[in-house]
Amino acid sequence: MNSSTIGINAPKVSIVITNFNGIRTLEKCLSRILNSDYPNFNIIVVDNHSTDGSLELLRGKYPAIKLIMNAENIGFGAATNLGMRLAFEKFADYVLALNNDAYLEKNTISKLLTVAKNNPHAGIISPLIKRPDGSIWFAGGKINWWKMRASHKFACSNSHPFASDYICGCAMLISQKVCEKVGLFDERFFLYYEDADLSVRAKRAGFELLIDPTSSVEHDEQSNNNNSFKTYWLVLSGILFFKKNTPLFLKPWMSIYLLLRKVKNSRDRHKNPSEINAIVAKAYTDANELT
């Protein structure tokens, strides 16, 4: 499938970008989308109360892009849901949830839609996600229920679409049928694991989660800029995810394993009262209010 063969039958794709102070990467992200060879897409940007000039850029240079402005930062999942609801109200067949620091190739969308066409049970599809140096950042995900861990795969030897335990929210093509059946992102996840949660729900509802190794995006990751912030939400959202989704027969073990992790953190704080150890402890405490 490419722009010359899709024609008027091309499914409608809404590209939903949640932006928070992404001025450094947002313009490149948008320019790559607008250079796409796919003929039937629109762009929705949901801004989480940016203060870095993002809104001025969007209004001045991209007036045709639909802009949703939030009065505060409501998190990735809740903000993306606003864009997805609008997209499906406007009869989108698919939403491509895309980070503001992710840069599409010219044929990324076309290739993803080829996979969707050829795999009717596919609910969520991801391209390979690469770092700026060309190395792989995400080639599928693995969930280890025993160790409460979701991890990226950093290598790919496949030439055809293959299954993944979850799809990363950096660039995930989501079928309207998935959201109709299982809903949107769980808004209790302010940041991180909302993608894994939606993936697990979709998979349990009978949809396939696929990685397309023939398409790619470049991820100029910004989340490492504040390590404390990232650590807090990874821990808190991880606890929420595993409490919510761990298979029933493993629930007793999960409770024991989580207790062991808390004990370890307590010992770590006693030996080394660092900021990171304190942040992890706070995440454990705050997670109790969400679960």
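The shown structure was predicted, so the numbers you read here are calculated from the model rather than taken from an experiment.

## Considerations on the side chain of Ser 36
Within the fold, Ser 36 resides in the loop between α2 (23-34) and β2 (41-47). Non-local contacts of Ser 36, meaning those with residues more than four positions away in its chain, are made with Phe 41, Lys 106 and Ile 109.

## Some words on unusual backbone geometry
Peptide bonds are, in most cases, trans, and in most cases residues other than glycine have a negative phi. A positive phi is found at Asn 21, a non-glycine position, where the angle reads about 50°. For Asn 21, a relative accessible area of 31% puts it in the partly exposed group.

## Focus: the nonpolar core
By size, the foremost hydrophobic cluster in this structure holds 96 residues, and its most contacted members are Ile 17, Leu 30 and Ile 174. Setting aside residues no more than four positions away along its own chain, Ile 174 makes contact with Met 84, Asp 93, Tyr 94, Val 95, Ala 97, Gly 123, Ile 124, Cys 179, Phe 185 and Leu 198.

## A closer look at the packing of aromatic side chains
Summed over all chains, the structure comprises eleven aromatic pairs. An angle of 25° between the planes, with centres 4.7 Å apart, marks the rings of Phe 190 and Trp 233 as stacked. In this pair, Phe 190 sits in the loop between α6 (176-182) and α7 (194-204) while Trp 233 sits in helix α8 (residues 227-245), placing the two residues 43 residues apart along the sequence. An identical accessibility class is assigned to Phe 190 and Trp 233; each is buried. Ring geometry for Tyr 193 and Phe 242: centres 6.2 Å apart, planes at 70°, overall edge-to-face. With Tyr 193 in the loop between α6 and α7 and Phe 242 in helix α8, the pair connects residues that are 49 residues apart, well separated along the chain.

## Quick look at the side chain of His 219
With respect to the element layout, His 219 can be found in strand β12 (residues 208-219). Within the structure, His 219 has its side chain in polar contact with the side chain of Asp 101 (distance 3.1 Å). If we ignore the near neighbours within four places in the chain, the residues touching His 219 are Asn 99, Asp 101, Ile 129, Lys 130, Arg 131, Pro 132, Trp 137 and Cys 170.

## What to know about the confidence of the model for the protein chain
Taken residue by residue, the protein chain gives an average pLDDT of 94. The fraction at 70 or more is 96%. Across residues 1-5 the pLDDT falls below 50, and counting only partners more than four positions away or on other chains, this stretch makes eight contacts in the model.

Conventions used here
- Residues numbered from 1 in each chain as written.
- Predicted model: local features only at pLDDT ≥ 70, side-chain atom pairs only at ≥ 80, totals over all residues.
- Heavy atoms only, no water.
- Helix = DSSP H or I, 4+ residues; strand = E, 2+ residues; numbered from the N terminus.
- Contact = heavy atoms within 4.5 Å.
- Buried < 20%, exposed > 50% of the residue type's maximum accessible area, 1.4 Å probe, protein only.
- Core = buried A, V, L, I, M, F, W, Y, C linked by side-chain atoms within 4.5 Å.
- Phe/Tyr/Trp six-rings, centres within 6.5 Å; stacked < 30°, edge-to-face > 60°.
- Polar contact = N/O pair within 3.5 Å; in protein donor to acceptor, adjacent residues only side chain to side chain.
- pLDDT = per-residue confidence, 0-100.

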